[in-house]
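The residues making up each chain are set out below.
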Amino acid sequence: MKFEFAELPYAYDALEPHIDKQTMEIHHTKHHKAYFEKFTAALNDSEYADKSIEEIFANISKAPAVIRNNGGGYYNHNLFWHCMSPNGGGNPTGRLAEAINQKFGSLDEFKTKFNEAASNRFGSGWAWLCVKSDKSLSICSSANQDNPLMDVADCMGTPVMGLDVWEHAYYLKYQNRRPDYIGAFWNVVDWKSIGERYERLISQ
Amino acid sequence: MNLKLMLSASLLMAAFTAFSQSETKEKKPRVKPTRSQSTSASDRVNQRDRPHPLKPARFISEWMTPSSELKFNNLPYAYNALEPVIDSKTVEIHYDKHHRGYYNNFMAAVKGTELEKMPISRIFANISSHSSAVRNNAGGFFNHVLYWQNLSPDGGGEPSGELGKAINSTFGDFKTFSEKFSEAGKSRFGSGWAWLAIDLNTGELFITSTANQDNPLMNTAERRGIPILALDVWEHAYYLNYQNKRADYITAFWKKVNWPDVEAKYNGYKDMREEMKK
Ligand SMILES: [Fe+2]
Ligand SMILES: [Fe+2]
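We now turn to the structure provided with this report. (Residues numbered from 1 in each chain as written. Chains lettered and ligands numbered in written order. Predicted model: local features only at pLDDT ≥ 70, side-chain atom pairs only at ≥ 80, totals over all residues. Heavy atoms only, no water.)

Right, let's get into the interface of chain B and chain A. Each partner contributes residues to the interface: chain B has 18 residues there, and chain A has 18 residues. Summing both partners gives a buried area of about 1,800 Å² for chain B against chain A, and 62% of it is carried by carbon and sulfur. On the chain B side of the interface with chain A, the three residues burying the most area are Phe189(B), Glu235(B) and Tyr239(B), jointly 38% of the side's total. The tally of links from chain B across to chain A stands at zero salt bridges. (Contact = heavy atoms within 4.5 Å. Buried area = accessible area lost by both parts, 1.4 Å probe. Salt bridge = Lys/Arg side-chain N within 4 Å of Asp/Glu carboxyl O.)

Let's shift gears to helix α7 (residues 161-171) of chain B. All names here are of chain B. Taken together, the buried positions of α7 are Leu 163, Gly 164, Ala 166, Ile 167 and Phe 171. Down the axis of α7, the smallest arc covering the buried residues is 165°, so these residues share one side. Seen from the open side of α7, the exposed residues pointing more than 90 degrees away from its buried face are Lys 165 and Ser 169. Looking at the buried residues of α7, the elements they touch are α8 (174-187), β1 (192-199), β2 (205-211), β3 (225-232) and α11 (259-269). With its phi angle positive at about 100°, Gly 172 sits one or two positions after the end of α7. (Buried < 20%, exposed > 50% of the residue type's maximum accessible area, 1.4 Å probe, protein only. Helix = DSSP H or I, 4+ residues; strand = E, 2+ residues; numbered from the N terminus. Arc of directions from axis to C-beta.)

Bringing the state of the cysteines into the picture now. All names here are of chain A. All chains considered together, the criterion is met by one disulfide over all chains. Here Cys 140 pairs with Cys 155 through a disulfide, and the sulfurs are 2.0 Å apart. Handedness here is read from the sign of the S-S torsion; for Cys 140 and Cys 155, about 60°, the answer is right-handed. Taken as a pair, Cys 140 in strand β2 (residues 137-143) and Cys 155 in the loop between β2 and β3 (158-164) lie far apart in primary sequence, 15 residues in all. Taking the relative accessible area as the measure of exposure, Cys 140 reaches 8% and is therefore buried. The thiol of Cys 83 is not disulfide-bonded; the next cysteine sulfur, from Cys 130, is found 11 Å away. What makes Cys 83 buried here is its relative accessible area of 0%. When its relative accessible area of 0% is taken as the criterion, Cys 130 is described as buried. (Disulfide = S-S within 2.5 Å.)

Okay, the coordination of the iron ion (ligand 2) next. Angles between donor atoms at a metal ideally measure 109.5 degrees for a four-coordinate tetrahedral arrangement and either 90 or 180 degrees for a six-coordinate octahedral one. Residues and elements named next belong to chain B. Looking at the iron ion (ligand 2), one finds its protein donor set to be His 94 (NE2), His 144 (NE2), Asp 232 (OD) and His 236 (NE2), positioned 1.9 to 2.1 Å from the metal centre. Every donor counted, the four donor atoms about the iron ion (ligand 2) form angles of 88 to 139° at the centre, which fits irregular coordination. Each donor residue of the iron ion (ligand 2) belongs to the same chain, with the gaps between them written as H-x49-H-x87-D-x3-H. Among the residues examined, Asp 232 registers a relative accessible area of 0% and is labelled buried. (Donors = N, O, S within 2.8 Å, 3.2 Å for Na, K, Ca; no water. Tetrahedral: all angles 85-135°; square planar, octahedral: opposite > 155°, others 65-115°.)

The next point concerns the coordination of the iron ion (ligand 1). Residue and element names in this part refer to chain A. Those donors, His 27 (NE2), His 77 (NE2), Asp 164 (OD) and His 168 (NE2), are the protein atoms that reach the iron ion (ligand 1), and they lie 1.9 to 2.1 Å from it. Considering all four donor atoms around the iron ion (ligand 1), the spread of angles at the metal, 89 to 140°, places the coordination shape in the irregular class. Sequence positions of the residues that donate to the iron ion (ligand 1) give the spacing H-x49-H-x86-D-x3-H. In this pair, His 27 sits in helix α1 (residues 21-43) while His 77 sits in helix α3 (residues 65-81), placing the two residues 50 residues apart along the sequence. A residue is classified by how much of its surface remains accessible, and His 27, at 2% relative accessible area, is buried. Residue His 77 is classed as buried on the basis of its relative accessible area, which comes to 0%.

What follows is the structure, encoded as structure tokens:
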């Protein structure tokens, strides 16, 4: 399959002051781009060249580390950019809001659980909101560039929201204060886009 | 030259008290260094009538201190002393926030448990049976102590003495060694450490890397050994100055390696393998 490295859906400074311009720029043009380049280079002429990324992830335990790390890094950041928006924040609506209330009790309780998953992930990794195969919601986290689509994941599912908690995602602005970064994420979280992914998944 | 030696010696002094109780508690008899342990730096220390930093007994007491008595010691240099290799703000946050956080969390994790009286080396030797709070914070505390000791404003160059010989015989030459070590640091994906360690079974030097705050003393390590040179490759160790360019940070790191400290660790620890296995 042919993979592309897309522009951000907003300007690098669009998420200021919650996420600073320099962080966004380096994160996208250096980190994300390097994952993309290493991933596509590793795919070339490999047995994975014709597969979809979902197929690759579903058998990632048999793939070399270069595919796992860079394929994950490529996919996860694509999702991440679409979980934030300059018009973000506020509350989810529609069926996602109903599902969150039903599963977690309230938006606040959901946020508390998600914050815990993101703060407690030791080292580098991601926190996720996933839709499981029975269409229920679940919160989890994974190490490094793993994700819940990978057969190695503790929690399996399709992520609709991902939060990068590698230090590179926040260190220039927040340094050691990861909880402050997580708090700031809720000011830019793109519920509209997350809600659309959720509705697409449950109607499949 | 003398100034450099004196600095090295005082750094060693500052360094080796990092794990142990304050000097006042244990007054050990001073023993003249044996020929193989003798270096100019250590002679200088003896001339100034201080305990010998290379004496194995000191290293044993350093490792054998009950965990609850471990102290969070001052950095052996100013925050800006490693500029421009490591910037002042990074050293300050790294030491005062990250490292201190690991220390405090480690103390909290052992408090009131049987681990309070256990030396940290024994905790590592059985780390698979302890909680992740103990594993992450004991590792985080210990690894950073090593890291700060391994660096010096006066660092750089190449090791000499027994360590220099051992590096040459194990890796061929210093250049090959430093390239392999750098590669271990670069290729550790995510957060972690690169290490030069003494194999617990054979006494050989080897290079390895570990994830997060693990280290080669842990019984979960791929190859177990006593670490003598530590390189932190968590992004917090370099991001303010180098951002995504970890390779540049690693290249610069060599300019500040405190070889007298690494040599002292090698000389002090190489006969302690049996102690560290328990
Ligand atoms: Fe990232
Ligand atoms: Fe660190």
